[in-house]
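A structural walkthrough
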Amino acid sequence: MAEDFLEVLCTTLCPTLSRAQGGALLAATEPVGVPAGEVAFREGEVGKGLFFFVAGHVEIVQQRRDGAAQSVGVVKAPSLLGEISLIMDGPHTATARALSHCEFRFLAKEQFRRRIDAGDMAAHRLALGIAAVIARRLLRLNETLLDMAAGGKVPAPVEELDRLKQKLFSEWSF
Amino acid sequence: MSGFEEVNYYFRRAARIMDLSARVERMLITPYREVKVDVSLTLDNGDLGTFIGYRVQHDRSRGPMKGGLRYHPTVDMDEALGLASLMTWKTAVVNLPFGGAKGGIAVDPKTCSPRELERLTRRFVQQIHDIIGPHTDIPAPDVNTNAQVMAWIMDEYSMIHGFSPAVVTGKPVDLFGSKGREEATGRGVVVATAEFLGDLGAGPIAGKTFAIQGFGNVGSWTARFLHEAGGKVVAVSDSRGGIRNAAGLDIPALLGHAAKARTVTGFPGASPVSNEELLLLDVDVLIPSALGGVLTKDNAHEVRARHVVEAANAPTTPEADEIFQQRGIPVLPDIYANAGGVTVSYFEWVQNIQQFTWEADRITAELQRHMTEAYATLAKVARERRVPLRTAAFIVAIGRVGRATVLRGV
C-alpha cells in the first residue's frame, strides 16, 4: 500500500518530488488511522499539518452561515488533505469525516518547516507541488467567477457551434 | 494505419491548425450511414454464392453523396469508410455540390462469369436501392467495375424507381454517360500538374521529365496528355514491370503496344525498370497513379524526383509525407490531383438531370476551369497559412463542409 501511495505521490499528486524525496518525506510522517464515521480534522480547528491520504474515502463538510452542515464532496484516497495548513497558519476550512476506515500519513507543520529551514530539497519540492495544487484551484475558481459574471451560464454545445460558425465564416473563409 | 486512420491523420493535422474542438472533429469525421448487406445468388454451376456488399455514406451536408463501387476480395467496412471520407474532402476541394460515399462487394470478379456479375450487381442494387438515388447517393465505377456495371445499376434501380439515369455516373456514352468521362482523371491530373509547376515557378510541362507508376486508365491517359503538352515521359510501369528511356518514350506507340500486349513491358526501344526503381528515378515529376502506400518511410529518403503528383489515392504514407516536407519535395495531394474523375462525374449527373448533352469541348473547358479555380484556392491557403498543399486542401475542404453543416443546422 505504502509503495503504491509513493508511486501516486511522485507521479500524480506531487510530480515535483522524486521517488527518493517522496520516500524521505513519508518516512518523516506518523501513521494515523480514522475509523468510519469519525472525523479526521474539523472545520475551525487550527491546522497542524498535512495529511497524505493513503486509503479510504472521506466526506468534506462545511458549515453554512445558518449553521447547517453542507456536504461539499467526497474525496477518495490517494490524495492530499490539509495542505493549506502547511503553508498558512489558520483554521481548517472544512471538516473531513471518514466514510470508511481511513489511513493517513501525517506530516506535522513544525517538522515540515524545520526541513524547509534546513534547506531540505524534498520539503521545497513538496511546497512547490502544493503551490501547483493551489494554483489549479485558483484557475478553476477564476473560471467559475467568469461563468457567474456571465449570468451563471456554462458553455453549451450550441455556443460551441456558434463559435465554429464564426470561425468558418471569417478566419477560415476563402 | 488503416485507410480511415490515414485520412483522419491528415484531417486532424488541418483541424488542429483551424483550432477545431474535439467534438467538432468527431462530428465531421463520423459517417452519416454504414450499410452492410447480404448479396447471395445462385452461381452458374448451381452452387450458392454468398457475398457481402458495403456502402458507407460519409457526409451529405453539401449535396448527394458520391463515390465509387469496387468489386474486390479485400473490400470491407473500414476500407469503404476511409475512402468515403476521402470522397467528402475531395468533392469539397474541387467545390462540387456533393458529399462523400464509397462501397463495393467483397468478391473476386475474375472468378465470376459475366452473367454472375450482372446478377450480383442487380442483387446488390435490390439490397441498397432505398439508400441510393439521384439526390441521395450516386455510385460510380471503381476498382473492377466499369461502364457496363453502371448500366446494370441504372437499369435495376430504374425498374424499382422509374427512369433514373442520374442514379449512377460512369455509364456508357450510349446510355446517358458523358463524353470525356473515360479520360477525365488523367486530364485532370495534367491540368493540376500544370497549375502546380507554374505556381512553384518550375515552368510549363513542356520539356519536363516524368515517371508514371501505373499504366491503367489514369496512368495511360496522364501519359498521353503529358506527351501532348510537350512533356517527356521517361518511365512507366504496370503490375508486370516497367520500362524507361531517358530520351522520352514514344507514348502514342506505347499506347498501341500496351493495348495489344496488355502490358507496357517488352516495348521496343526501352530498357526495363522495376516498379520500385521507377519511384527513385531522377525526374522532374514523379506520378504514382496505381497503388496506395507505395511511397513510404523506407524509400522516401531515396526519391530523387523534384515534385510528386498523387494521381493514385493515398500513394504516400503519412511518414513519407513528413520526409518529403523535410526534404523540400512538394507533393500535390490526391484529394485534388485526381479529382478530375469525380468532376466529370458531376458533369454527367448534371447532363442527366438536365436531360441535355454536352459536347466534349465543353467538358474539357469546364474541367479545366474547376481544376484551375480549385488550385488557386489551395495555393492561396498554402501561402497565407504557410502549410503544405495537402494541409491546405484539407483546410479548404473542412471549411466548406463545416460551413454547410452549421448553415443547415445541427
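Presented here is a report on the structure given in the accompanying data block. (Residues numbered from 1 in each chain as written. Chains lettered and ligands numbered in written order. Predicted model: local features only at pLDDT ≥ 70, side-chain atom pairs only at ≥ 80, totals over all residues. Heavy atoms only, no water.)

**Concerning the layout of surface pockets**
Residues and elements named next belong to chain A. Of the volumes computed, that of the second largest pocket is approximately 760 Å³. Listed by contribution, the elements that provide at least two residues to the lining of the second largest pocket are strand S4 (57-63), strand S5 (69-76), strand S6 (79-81), helix H3 (83-87), strand S7 (95-98) and helix H5 (121-149). In terms of residues, the lining of the second largest pocket owes the most to one element, H5, which gives four residues. (1 Å grid on protein atoms, 1.4 Å probe; cavity = no way out; pocket = protein on both sides within 12 Å on 5 of 7 lines; lining within 4 Å. Points joined across faces, edges and corners; volume = space filled by probe spheres on them. Helix = DSSP H or I, 4+ residues; strand = E, 2+ residues; numbered from the N terminus.)

**With respect to empty space enclosed by the protein**
All names here are of chain B. If you walk through the whole model with that rule in mind, you get one cavity of 30 Å³ or more. Space inside the largest cavity adds up to approximately 30 Å³. Forming the boundary of the largest cavity are Gly 180, Glu 183, Ala 184, Arg 187, Val 344, Ile 363, Thr 364 and Leu 367. Counting residues per element, the ones that place at least two in the lining of the largest cavity are helix H6 (184-199) and helix H13 (360-385). The dominant element in the lining of the largest cavity, judged by the number of residues it contributes, is H13, at three residues. When grouped by side-chain class, the residues that make up the lining of the largest cavity number four nonpolar, two polar and two charged. (Nonpolar A, V, L, I, M, F, W, Y, C, P; charged D, E, K, R; others polar.)

**Let's talk about the nonpolar core**
Residues and elements named next belong to chain B. Of all hydrophobic cores here, the largest spans 94 residues; its most connected members are Trp 89 and Tyr 336. Not counting the four nearest positions on each side in its chain, Trp 89 is found in contact with Val 7, Phe 11, Leu 28, His 58, Ile 335, Phe 394, Ala 397, Ile 398 and Val 401. If you look at the next biggest cluster of nonpolar residues, it comprises 25 residues, including Cys 112, Phe 124, Ile 132 and Met 154. (Core = buried A, V, L, I, M, F, W, Y, C linked by side-chain atoms within 4.5 Å. Buried < 20%, exposed > 50% of the residue type's maximum accessible area, 1.4 Å probe, protein only. Contact = heavy atoms within 4.5 Å.)

**Examining the sheet that holds strand S8 (residues 102-108) of chain A**
Residue and element names in this part refer to chain A. Read across the open sheet, the four strands follow the order S1-S8-S3-S6; overall the sheet is antiparallel. Each having just a single partner strand, strand S1 (30-34) and S6 make up the two edges of the open sheet. Here the average twist between neighbouring strands, direction ignored, is 30 degrees. Sitting on the sheet, helix H4 (residues 109-117) is in contact with strand S3 (49-55) and S8, with an inclination near 45 degrees to S8. (Pairing = 2+ DSSP bridges. Axes fitted to C-alpha atoms, helices over the stretch in contact; angles between N-to-C directions.)

**Regarding the interface of chain B and chain A**
The partner chain A presents 11 residues to the 19 residues of chain B that form the contact. Taking both partners together, chain B and chain A bury about 1,500 Å²; carbon and sulfur atoms supply 69% of that area. Where chain B meets chain A, there are two salt bridges. Here Lys167(A) makes a salt bridge to Asp19(B), at a shortest N to O gap of 3.7 Å. Connecting chain B to chain A are five residue pairs in polar contact (both at pLDDT 80 or more). Where the side of chain B that touches chain A is concerned, the elements lending two or more residues are helix H2 (22-29), H13 and helix H14 (389-408) of chain B. (Buried area = accessible area lost by both parts, 1.4 Å probe. Salt bridge = Lys/Arg side-chain N within 4 Å of Asp/Glu carboxyl O. Polar contact = N/O pair within 3.5 Å; in protein donor to acceptor, adjacent residues only side chain to side chain.)

**Overview of the pattern of salt bridges**
Residue and element names in this part refer to chain B. Tallied over the full model, the rule gives 29 salt bridges over all chains. The shortest N-O distance in the salt bridge between Arg 122 and Glu 156 comes to 2.9 Å. Placement of Arg 122 in helix H4 (residues 114-128) and of Glu 156 in helix H5 (residues 147-161) is noted, with a sequence separation of 34 residues between them. No difference in accessibility class separates Arg 122 from Glu 156, as the two residues are buried. For Lys 171, the salt bridge is made with Glu 348, and the minimal N-O distance between the two is 2.7 Å. In this pair, Lys 171 is assigned in the loop between H5 and H6 and Glu 348 in helix H12 (residues 340-354), connecting sequence segments 177 residues apart.

**Things to note about the pairing of strand S7 (residues 137-141) of chain B**
Residue and element names in this part refer to chain B. Of all five residues making up S7, four are buried, and the element is well covered by its neighbours. In this structure, strand S5 (residues 65-71) lies alongside S7, joined through five bridges in parallel fashion. Bridging from a neighbouring strand, Leu 69 pairs with Pro 141 of S7.

**Focus: the packing of H4(B) against H5(B)**
Residue and element names in this part refer to chain B. The N-to-C vectors of H4 and H5 enclose an angle of 45 degrees; their axes lie 9 Å apart at closest approach. Comparing their axes, H5 and H4 come out oblique. Between H4 and H5 lies a crossing whose hand is right-handed. Here H4 contributes Pro 114, Leu 117, Glu 118, Thr 121, Arg 122, Val 125 and Gln 126 to the contact with H5, which in turn contributes Val 149, Trp 152, Ile 153, Asp 155, Glu 156, Tyr 157 and Met 159. A class-by-class count of the residues in the contact of H4 with H5 yields eight nonpolar, two polar and four charged. (Parallel < 35°, antiparallel > 145°, perpendicular 65-115°, else oblique. Left-handed = near helix turned anticlockwise from the far one by under 90°.)

**Section: unusual backbone geometry**
A cis amide bond links Ala77(A) to the next residue, Pro78(A), at an omega of 0 degrees. Position of Pro78(A) among the secondary structure elements: in the loop between S5 and S6. A positive phi angle is found at Asn144(B), which is not glycine, with a value near 65 degrees. In this structure, Asn144(B) sits in the loop between S7 and H5. A residue is classified by how much of its surface remains accessible, and Asn144(B), at 38% relative accessible area, is partly exposed.

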